[in-house]
Amino acid sequence: MSPRVYSKAYYEKNKSRIKVAVITYRERNPEKIRAQKRVYRERNRDKINAWREKNKERLKAYRKAWYAKNRERIRASWRAFYEKNKEQRRARQNARVSERRLRAIAGYGGKCICCGESTTEFLAFDHVNGDGGQHRKLVRQGASLVGWIERNNYPPSIQLLCHNCNLAKAFYGHCPHSLRQALSPDVGKKLAGRSP
Ligand SMILES: [Zn+2]
Ligand SMILES: [Zn+2]
């Protein structure tokens, strides 16, 4: 079905029915309508531009009113767009962070130096001399520690421990896996009374 040309008398008589038919057609064929409008605009570009120039102020007022009327809707759609991109941005960032972390883990041998645990989720970068708290205050944790490690070309002041061995070292000064060899003598002395 394409738009028809009606005689005036016929149109007057069937006005409401024709209007409904036109609206229905437009709703059902948005692509066709868009294409028609595009062709019309291309053919009448000069005419349209001249009309726009002549009605500049009116258009400006119209746009302003339209924006005021649709403000919430426009803002919501911008927000949705922003949120969608925020998630994508965050996902990309997370992927980069975990990639760098895996690279740093591999750089330190890929396993706990105490027990050999190699599941990366269980591994942590440990400060050999137990000055982690101080150092973390400087470079903070996680991604920035990995960044610091990379920038300093894998310094020997960092070692790879699993969370078990790392916690045991922090708590007792050494890991029960290697009772005789204190991983951190300083902390060991300090917490000697609490050793098992
Ligand atoms: Zn371990
Ligand atoms: Zn251990």
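Rules behind the numbers
- Residues numbered from 1 in each chain as written.
- Chains lettered and ligands numbered in written order.
- Predicted model: local features only at pLDDT ≥ 70, side-chain atom pairs only at ≥ 80, totals over all residues.
- Helix = DSSP H or I, 4+ residues; strand = E, 2+ residues; numbered from the N terminus.
- Buried ≥ 20, exposed ≤ 12 C-beta atoms within 10 Å, placed from the backbone.
- Contact = placed C-beta atoms within 7 Å.
- Arc of directions from axis to C-beta.
- pLDDT = per-residue confidence, 0-100.
- Core = buried A, V, L, I, M, F, W, Y, C linked by C-beta atoms within 7 Å.
- Pairing = 2+ DSSP bridges.

A.B. asks: I'd love a proper account of the overall build of the protein, names of residues and values included.
C.D. replies: Regarding its fold elements, the protein presents ten helices and two strands. Listing the helices and strands of the protein from first to last along the sequence gives α-α-α-α-α-α-β-α-α-β-α-α. Counting across all 196 residues of the protein, residues that qualify as buried make up 13%. Partitioning the contacts of the protein with sequence separation of at least 6, the portion at a separation of at least 24 is 57%.

A.B. asks: Describe helix H9 (residues 163-172), with residues and values.
C.D. replies: Every buried residue belonging to H9 is among Cys 165, Asn 166, Ala 168, Lys 169 and Tyr 172, and all of these are buried. All buried residues of H9 project into a common sector of 165° when viewed along the axis, lining one side. Each element contacted by the buried residues of H9 is listed here: strand E1 (123-127) and strand E2 (158-162). Gly 173 sits one or two residues past H9 and shows a positive phi near 90°.

A.B. asks: A description of the confidence of the model for the protein should follow, citing residues and the corresponding values.
C.D. replies: Mean pLDDT over the protein stands at 85; residues scoring 70 or higher make up 82%. Segment residues 190-196 is flagged for pLDDT under 50; beyond a separation of four residues in sequence, or across chains, it makes seven contacts in the model.

A.B. asks: For the environment of Lys 111, give the residues involved together with the corresponding values.
C.D. replies: Along the polypeptide, Lys 111 turns up in the loop between helix H6 (71-107) and E1. Along the primary structure Lys 111 and Leu 161 are separated by 50 residues, whereas in three dimensions their C-alpha atoms are 7.2 Å apart. Not counting residues up to four positions away in its chain, the partners in contact with Lys 111 are Gly 116, Glu 117, Ser 118 and Leu 160.

A.B. asks: Requested: an account of the nonpolar core, with residues and values cited.
C.D. replies: Core analysis: the biggest nonpolar cluster contains 16 residues, and Cys 112, Ile 149, Leu 161 and Cys 165 have the highest contact counts within it. Of all the secondary structure elements, the ones that give two or more residues to this core are E1, helix H8 (143-151), E2 and H9. Element by element, the count of residues in this core is highest for E2, at four residues. Once you skip the residues sitting within four places of it in the chain, Cys 165 turns out to touch Cys 112, Cys 114, Cys 115, Cys 175 and His 177.

A.B. asks: Talk me through unusual backbone geometry; I want residue IDs and the actual numbers.
C.D. replies: Peptide bonds are trans in most cases, and residues, glycine excluded, mostly fall at negative phi. Phi is positive for Asn 153, close to 55°, though the residue is something other than glycine. Along the chain, Asn 153 turns up in the loop between H8 and E2. Notably, Tyr 154 is not glycine yet its phi reads approximately 55°, a positive angle. Here Tyr 154 shows up in the loop between H8 and E2. You can call Tyr 154 exposed: it has 11 C-beta atoms within 10 Å.

A.B. asks: So, the environment of Gly 107: which residues are in play, and what are the values?
C.D. replies: By the secondary structure assignment, Gly 107 is in helix H6. Classification of Gly 107 as partly exposed rests on a count of 15 C-beta atoms within 10 Å. Considering only alpha carbons, one finds Gly 107 and Glu 150, 43 residues apart in sequence, at a separation of 9.4 Å.

A.B. asks: Could you give an account of the pairing of E2, naming the residues involved and the relevant values?
C.D. replies: Sheet faces and side chains relate simply in a regular strand, where the side chains alternate between the two faces. Of all the five residues making up E2, four are buried; the element is thus mostly covered by neighbouring parts of the structure. Sheet analysis places E1 next to E2, joined by five bridges and oriented antiparallel. Within E2, the residue paired with His 127 across the bridge is Ile 158.

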